[in-house]
Amino acid sequence: MNRLTVKNLKLIRYLIMCAGIAVAFILWLYIPSFVENNRLIHSGDGKYGLKLSFLLIAMLPLLGLIPRKPASEIHTDDMNERAKIEDEWEMESEKIKTLHTACYAVAACLIMILVIALG
C-alpha cells in the first residue's frame, strides 16, 4: 500500500470535516425548538432554551483547521536535510490535525444525539 501524502491527508481531513458538519446539522434538525435546561444541557436563561444555540456545536470540526507549530527548531546547514525534516514535521502535523478533526466530528455528533435524547 502506498504511503499517504500530505495532500491526501488534507483531502481526508476536509472530507471528515464536511461529513461531520453535515451529520451534526442533520441531527440538529431533529432537536425540538425549545429544550428544557438541566445539568447536562443548558441553553439560555430560565427553564427552557432555544435550539439555535446548539448550532454552534455543529461547527466543532472546524477546530481541526488550527495550525500546529513544531516543538523545536531545525539546526542544520544542509538544505536537503532541512527539507526532509520539514516534510516529516508537516506530515506529522497533518496526521494530528486529521485525528483531531475526526474526534471533533464524532464529539459534535454525540453531543447532538445527547441533546435529542434528553431534549
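Quick summary incoming for the structure in this document. (Residues numbered from 1 in each chain as written. Predicted model: local features only at pLDDT ≥ 70, side-chain atom pairs only at ≥ 80, totals over all residues. Heavy atoms only, no water.)

## What about the overall build of the protein?
Put simply, the test is: Think of it this way: any DSSP run of H or I at least four residues long counts as a helix, any run of E at least two long counts as a strand, and we number them from the N terminus. Both definitions apply: the radius of gyration is a C-alpha atom measure, and the globule rule equals 2.2 Å times residues to the power 0.38. Burial classes follow relative accessibility: with a 1.4 Å probe on protein chains only, a residue under 20% of its type's maximum area counts as buried, one over 50% as exposed, and anything between as partly exposed. In what follows, a contact means two residues having at least one pair of non-hydrogen atoms within 4.5 Å. Here, Shrake-Rupley sampling with a 1.4 Å probe gives the accessible areas, and only protein chains in the shown set may cover a residue. In this tally Asp and Glu are treated as negative and Lys and Arg as positive; neither His nor the chain ends contributes. Every charge is mapped onto a representative atom, which is NZ of Lys, CZ of Arg, CG of Asp or CD of Glu.
When you go through the protein residue by residue, the secondary structure sums to 2 helices and 2 strands. Secondary structure of the protein in N-to-C order comes out as α-β-β-α. Taken over the C-alpha trace, the protein has a radius of gyration of 20 Å; the compact-globule value for 119 residues is 14 Å, which it surpasses by more than 25%. In terms of principal-axis extent, the alpha carbons of the protein reach across some 65 × 30 × 15 Å. By residue count, 28% of the 119 residues in the protein fall in the buried class. Considering only residue pairs separated by 6 or more positions, the protein has 68% of its internal contacts joining residues 24 or more positions apart. Put simply, the protein shows about 8400 Å² of open surface, and 64% of that area lies on carbon and sulfur atoms. With 13 positive and 12 negative side-chain charges, the protein shows a spacing of 10 Å between the two charge centroids.

## Quick word on the nonpolar core
In plain terms, the rule: In this description, a nonpolar core means a group of buried Ala, Val, Leu, Ile, Met, Phe, Trp, Tyr and Cys residues linked to one another through side-chain atoms lying within 4.5 Å.
Core analysis: the biggest nonpolar cluster contains 12 residues, these being Ala24, Leu27, Trp28, Ile31, Val35, Ile41, Phe54, Ala58, Ala108, Cys109, Met112 and Val115. In terms of residue count, the dominant contributor to this core is helix H2 (residues 79–118) (4 residues). Leave out the neighbours within four places in its chain, and Ile41 touches Val35, Glu36, Phe54, Leu114, Val115 and Leu118.

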